[in-house]
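A structural walkthrough
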Amino acid sequence: MTEPSSFNFAPIGLVNSPYKEKFAIPRQPGLVSAAQGTITLLNDANHQDLVRGLAQFSHIWLIFVFHGTQTQGWKPLVRPPRLGGNKKMGVLATRSTFRPNPIGMSVVALNEITVKQQQVILHISGLDLLDQTPILDIKPYIPYSDAISSADAGFAHTAPTELLNVRFSEQAQQVIEQQQSLYPQLELLISQVLAQDPRPAYKKQQIDSKVYGIALYQFNILWHVDSNNQIQVTDIIPI
Ligand code: SAM
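Residues numbered from 1 in each chain as written. Predicted model: local features only at pLDDT ≥ 70, side-chain atom pairs only at ≥ 80, totals over all residues. Heavy atoms only, no water.

Further remarks concern the pairing of strand S11 (residues 219–225). Only one face of S11 is buried: it carries Phe219, Ile221, Trp223 and Val225, and the other face, with Asn220, Leu222 and His224, is open. Summarising the sheet, strand S10 (residues 212–216) and S11 pair through five bridges and their orientation is antiparallel. Its bridge partner lying in S11, Ala215 is registered against Asn220. For S11 and strand S12 (residues 231–238), the ladder comprises seven bridges, and the chain directions are antiparallel. The residue bridging Phe219 from the neighbouring strand is Pro238, located in S12. (Buried < 20%, exposed > 50% of the residue type's maximum accessible area, 1.4 Å probe, protein only. Helix = DSSP H or I, 4+ residues; strand = E, 2+ residues; numbered from the N terminus. Pairing = 2+ DSSP bridges.)

An order of S9-S12-S11-S10 is seen for the four strands of this open sheet, with the pairing classed as mixed. The outermost strands of the open sheet, each flanked by one partner alone, are strand S9 (166–168) and S10. Adjacent strand axes in the sheet meet at a mean angle of 35°, parallel and antiparallel pairs treated alike. Contacts between helix H2 (residues 170–178) and the sheet are confined to S9, S11 and S12, with S12 contributing the most and set at about 50° to the helix. Where helix H3 (residues 186–195) meets the sheet, it contacts S9, S10, S11 and S12, and its direction lies at approximately 140° from that of S9. (Axes fitted to C-alpha atoms, helices over the stretch in contact; angles between N-to-C directions. Contact = heavy atoms within 4.5 Å.)

This next bit is on the domain arrangement of the protein chain. You can read the domains of the protein chain as domain 1 (13–146) and domain 2 (166–238). Relative placement of domain 1 and domain 2: their C-alpha centres are 24 Å apart. Its largest share of buried area at the contact with domain 2, domain 1 owes to Pro18, Phe23 and Ala34, together 37% of the area lost on that side. At the boundary of domain 1 and domain 2, one finds zero salt bridges. Taken together, the residues of the side of domain 1 that touches domain 2 sort by class into eight nonpolar, three polar and three charged. (Domains from an automatic or database assignment. Buried area = accessible area lost by both parts, 1.4 Å probe. Salt bridge = Lys/Arg side-chain N within 4 Å of Asp/Glu carboxyl O. Nonpolar A, V, L, I, M, F, W, Y, C, P; charged D, E, K, R; others polar.)

A separate point is the site of the ligand. Surrounding the ligand, one finds 21 residues, the nearest of these being Gln28, His67, Arg95, Asp128 and Thr133. Contact distances for the ligand include 3.0 Å between an oxygen atom and a backbone N or O atom of Ile25. A distance of 3.0 Å separates an oxygen atom of the ligand from a polar backbone atom of Met105. Within the complex, the protein chains bury 93% of what would otherwise be the 590 Å² of accessible surface of the ligand. (Near = heavy atom within 4 Å. Polar contact = N/O pair within 3.5 Å; in protein donor to acceptor, adjacent residues only side chain to side chain. Areas by Shrake-Rupley, 256 points an atom, 1.4 Å probe, with all protein chains shown as cover.)

Within H3, eight of the ten residues are buried, which leaves it mostly tucked inside the rest of the structure. Of all the positions in H3, only Leu186, Leu189, Ile190, Ser191, Gln192, Val193, Leu194 and Ala195 are classed as buried. In this structure, the buried side of H3 is in contact with S9, H2, S10, S11 and S12. Phi turns positive, to about 55°, at Asp197, one or two residues after H3.

Per the UniProt record, "domain: TsaA-like" (unreviewed entry) is found at residues 9–150. Taken end to end, residues 9–150 is 3% helix and 35% strand, and its first and last C-alpha atoms sit 34 Å apart. (UniProt positions renumbered as here; feature names shortened; annotations may be inferred.)

Structure follows, in structure tokens:
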């Protein structure tokens, strides 16, 4: 048997995402509906012809490169966070970013396609992608074939965690109000992201007084978990 040669794919698009760092990005698409982003089509792929008919679909598949971790290599066994980081599973049985080929796939909502000064832009939501993620391909989501209601989802049969309550300090509320016109969904986005409790599994099993920061849009959001296991957002600082 001859082995196929290697392949060289250029990105057809670039993601603009509110998630400016890996920490706190949801583990799968659709978990944070308030996450809105865009895909800017690039070079030869930037033409209206490529997206003719696509706006009829409510959801699309994105095939992308895990560009933020692609140089970090991979191992045959990984510890899925949903198993508490204690059990090892084969990398191909997981959605780990550290894979033999660092390629990811996500279904996201397609809200609109716009063309301005010959630049095609896809407006998406529910994404789980880091800012500047390179897109290799886009395909329509086709429920009759892509959604299998009887599928067995192994060790990933339910959505990841129980959701935590998220509370905002007065300072944080003020910033949210000031930013209302530019970022109308900011409060919802922060709430949905933090409700997932992005801390590593071992931190959730102990008393945790650490103050965490996450980068959303151009804000550093400071928060901690209080003794009632509620998330307190203390500061929202423009970066
Ligand atoms: N839905 C995709 C899949 O199943 O292939 C991604 C799942 S992966 C578990 C989701 C995580 O990938 C996010 O929480 C984030 O930490 C990470 N991630 C997203 N975009 C990335 C990128 N461009 N480079 C590296 N890591 C990324």
